[in-house]
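Each chain, letter by letter, is given below.
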Amino acid sequence: MSTTEPKKERSAVDVARDAFCRTFAERPEWSCRAPGRVNLIGGHVDYNDGVVLPVAVALEIALAFRARTDRLVRIYSADFDETTEFDIDDLTPGSLPGWMAYPAGVAWAMSGAGLPLRGLDAAVAGNIPIAAGLSSSAALEVAFAAAFRQVSDLDLPELELAKLGQAAENQFVGVRCGIMDQVTAACAEAEHALLLDCRSLHYRHVPLPPALHIVTLDSGLERELRSSEYNKRRRECEEVVSRLAAVDEDIHALRDVSPEQLGSLLRHLPPPLDRRARHVVGEIERVRLAASALEHAETERFGELMFASHRSLRDDYEVSSEELDGLVELARRAPGIVGARLTGAGFGGCTVNVVSVALVEDFLSYVSEGYEKLFGRKPDACVTGAASGVSVDRAG
Ligand code: GLA
């Protein structure tokens, strides 16, 4: 099994700093880092104004940077060995490809929000696997938002960085993601999960028991369906809400439907809308129960809720795949398992597994061998605790 772990000897920050010195022939003034994330429970509820429980993982995007006196931005990516250059006053959505669209989108969103931005020179490096469902894009957005805040001397709380990152992704990059990934990259606390209310954006840090590790397993499955099916699910939820609002004007989002109310409302929803609503309403309730289980050290209960979340995503929301179901089923029988489910958008990508620290190795060999027998390849694994959100330091 190949295991992705944070590079111990050379952190992403070190790689970014060296790349900055080589590219700009000078030392950077600042460095910053923002983590990837994995969602323990609360799948596809952030854009329904629901509650989610993600953690920041110990994999990150790092920047080394310095301020400029004009409005130019020059960025070298160590991972892609590519450079981009743009003027903050000359940005239009869709004008930059690939990774470059993210920093450009952040500059565009910040400038569009009326913030007086200065330009910067930066080198970027990271160890979050790209397109594996660990949200390297939100980490990139939040890291650049923090860098622009630093060089422009802005007084902006972390939550604002998250909102600007989401605006960049929704309006400049063109992906209709919710707010969960950016808030996690910006506001997470080490050794804690983040209980986030995606309507009010209030959050609370919930301690994770030190005896548990988080393991992500990548199915290795192609995800071409991901953005089209993701957007389709969002449209289906909007359709559900407009039908239910005609029955009850207090329903503005699926968040407003309680599990008790749902039974009598389902008859207003033709399939598959009834199944979509059942998932979202049930999942929001499961997140509340799971956070409480975590706070009361009811580990087994927490695990059951994760498995129930997976079943609901598989049967009612229909965003799973044979490979993801295979990984969760193997995990359920593996040594040390507490709970497992698909995480992120689904249709491929990763499962998240909560595993007893003492049995992580046994867990990994069991699942890895089983997956290889079924699907002919081993899943990539990342073993992690919970990391902290974005931080900026003097480059030193
Ligand atoms: C993706 C999106 C998130 C969230 C999840 C599903 O990761 O970026 O905003 O909607 O899917 O829970």
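Starting from 1, residues in each chain are numbered consecutively following that chain's sequence as written. Restriction of local features to residues with pLDDT of at least 70 applies here, the model being predicted, together with a cutoff of 80 or more for giving and counting side-chain atom pairs; totals for whole chains, interfaces and linings are based on all residues. Processing note: side-chain calculations cover all non-hydrogen atoms of the structure and skip hydrogens and water entirely.

A. Spatial organisation of the pairing of strand β8 (residues 203-207). Strand pairing requires that DSSP identify at least two bridges connecting the strands. Here a helix means four or more residues in a row that DSSP labels H or I, a strand means two or more in a row labelled E, and each is numbered from the N terminus. Across five bridges, the pairing between strand β7 (residues 192-197) and β8 is antiparallel. The residue of β8 that forms the bridge with Leu196 is Tyr203. The hairpin formed by β7 and β8 contains five residues between the paired strands, and Leu201 there has a positive phi angle of roughly 65°.

B. Geometry of the site of the ligand. A molecule or strand has a residue near it when one of that residue's heavy atoms lies within 4 Å. With respect to spatial proximity, the complete set of residues near the ligand consists of Arg37, Gly43, His44, Asp46, Tyr47, Cys177, Gly178, Met180, Asp181, Tyr230, Gly344 and Ala345. Distance and chemistry together define a polar contact, namely a pair of N or O atoms within 3.5 Å, with one atom able to donate a hydrogen and the other to accept it when in protein, and with adjacent residues in sequence counting only for side-chain atoms on both sides. His44 is positioned with one of its backbone polar atoms (N or O) 2.7 Å from an oxygen atom of the ligand. Within the backbone of Ala345, an N or O atom sits 3.5 Å from an oxygen atom of the ligand. Accessible areas in this description were obtained via Shrake-Rupley with a 1.4 Å probe; residue shielding takes into account the shown protein chains only. Considered on its own, the ligand offers 310 Å² of accessible surface; in the complex 91% of this is hidden by protein. Residues are grouped as follows: Ala, Val, Leu, Ile, Met, Phe, Trp, Tyr, Cys and Pro are nonpolar; Asp, Glu, Lys and Arg are charged; all remaining types, including Gly, are polar. Looking at the shell around the ligand residue by residue, the classes come out as five nonpolar, four polar and three charged. How far each domain reaches was decided by an automatic or database domain assignment. Taken together, domain 1 (3-206 + 390-394) and domain 2 (212-384) each give at least three residues to the shell around the ligand, which thus spans both.

C. Local environment of unusual backbone geometry. Following Pro271, the chain continues into Pro272 via a peptide bond in cis, with omega recorded as 0°. With respect to the element layout, Pro272 can be found in the loop between α7 (259-265) and α8 (273-295). Positive phi, close to 55°, is recorded for Ala25, a residue that is not glycine. Among the structural elements, Ala25 can be located in the loop between α1 (12-24) and β1 (30-39). Burial status follows relative accessibility: with a 1.4 Å probe on protein chains alone, a residue under 20% of its type maximum counts as buried, one over 50% as exposed, and anything between as partly exposed. A relative accessible area of 69% means that Ala25 is categorised as exposed. A positive phi is found at Glu191, a non-glycine position, where the angle reads about 65°. In this structure, Glu191 sits in the loop between α5 (180-187) and β7. You can call Glu191 exposed: its relative accessible area is 58%.

D. Quick peek at the sheet that holds β8. A sheet is described by the order of its strands in space; here three strands give the open sequence β2-β7-β8, paired in antiparallel fashion. Of all the strands in the sheet, the pair left with one neighbour each is β2 (51-52) and β8. Any pair of residues with heavy atoms lying within 4.5 Å of one another is described as a contacting pair. Think of each axis as a best-fit line through the C-alpha atoms, taken over the contacting stretch in the case of a helix, with angles from 0 to 180 degrees between the N-to-C directions. Strands in contact with α5 are β2, β7 and β8; relative to β7, the strand with the most contacts, it is inclined by about 135°.

E. Focus on helix α10 (residues 322-333). One less than the number of residues in a helix, times 1.5 Å, gives the span that helix is expected to have. Across its twelve residues, α10 extends 17 Å between first and last C-alpha, which sits within 8% of the 16 Å expected from 1.5 Å per residue. All of the buried residues along α10 are Glu323, Leu324, Gly326, Leu327, Val328, Leu330 and Ala331. The inward-facing, buried residues of α10 contact β9 (212-218), α9 (299-315), β10 (337-342), β11 (350-356) and α11 (360-375).

F. Summary view of the environment of Asp46. The topology assignment puts Asp46 in the loop between β1 and β2. On the basis of relative accessibility, which here comes to 9%, the residue Asp46 falls in the buried class. Counting along the chain gives 117 residues from Asp46 to Lys163, while the straight-line C-alpha distance between them is 13 Å. Every residue in contact with Asp46, bar those within four places of it in the chain, is listed here: Val52, Gly178, Ile179, Met180, Cys198 and Tyr230. Looking at Asp46, its side chain comes within polar contact range of the main-chain nitrogen of Ile179, at 3.4 Å. A polar contact is formed between the side chain of Asp46 and the backbone nitrogen of Met180, at a distance of 3.3 Å.

G. Region of the structure containing the sheet that holds strand β12 (residues 380-384). Judged by pairing direction, the sheet is antiparallel, and its four strands sit side by side in the order β10-β11-β9-β12 without closing on themselves. Two strands close off the open sheet at either side, each with one partner strand: β10 and β12. Direction aside, neighbouring strands of the sheet carry axes that sit 20° apart on average. When β9 meets β11, the two strands line up antiparallel, connected through seven bridges. Looking at the pairing, His213 lines up with Val355 of β11. Sitting on the sheet, α10 is in contact with β9, β10 and β11, with an inclination near 175° to β10.

H. Structural detail: α8. Between the first and last C-alpha of α8 there are 33 Å, a value that for 23 residues agrees with the 33 Å anticipated at 1.5 Å per step. Where α8 ends, the next residue or the one after it, Ala297, has phi of about 55°, a positive value.

I. Summary view of the domain arrangement of the chain. Segmenting the chain into domains produces domain 1 (3-206 + 390-394) and domain 2 (212-384). Using only C-alpha atoms to locate each centre, domain 1 and domain 2 end up separated by 26 Å. Facing the 35 residues of domain 1 at the interface are 46 residues of domain 2. Summed over both partners, the interface of domain 1 with domain 2 buries about 3,300 Å², with 60% contributed by carbon and sulfur atoms. The term buried area denotes the loss of accessible surface (1.4 Å probe radius) that occurs when two parts are joined, taken as the sum for both partners.

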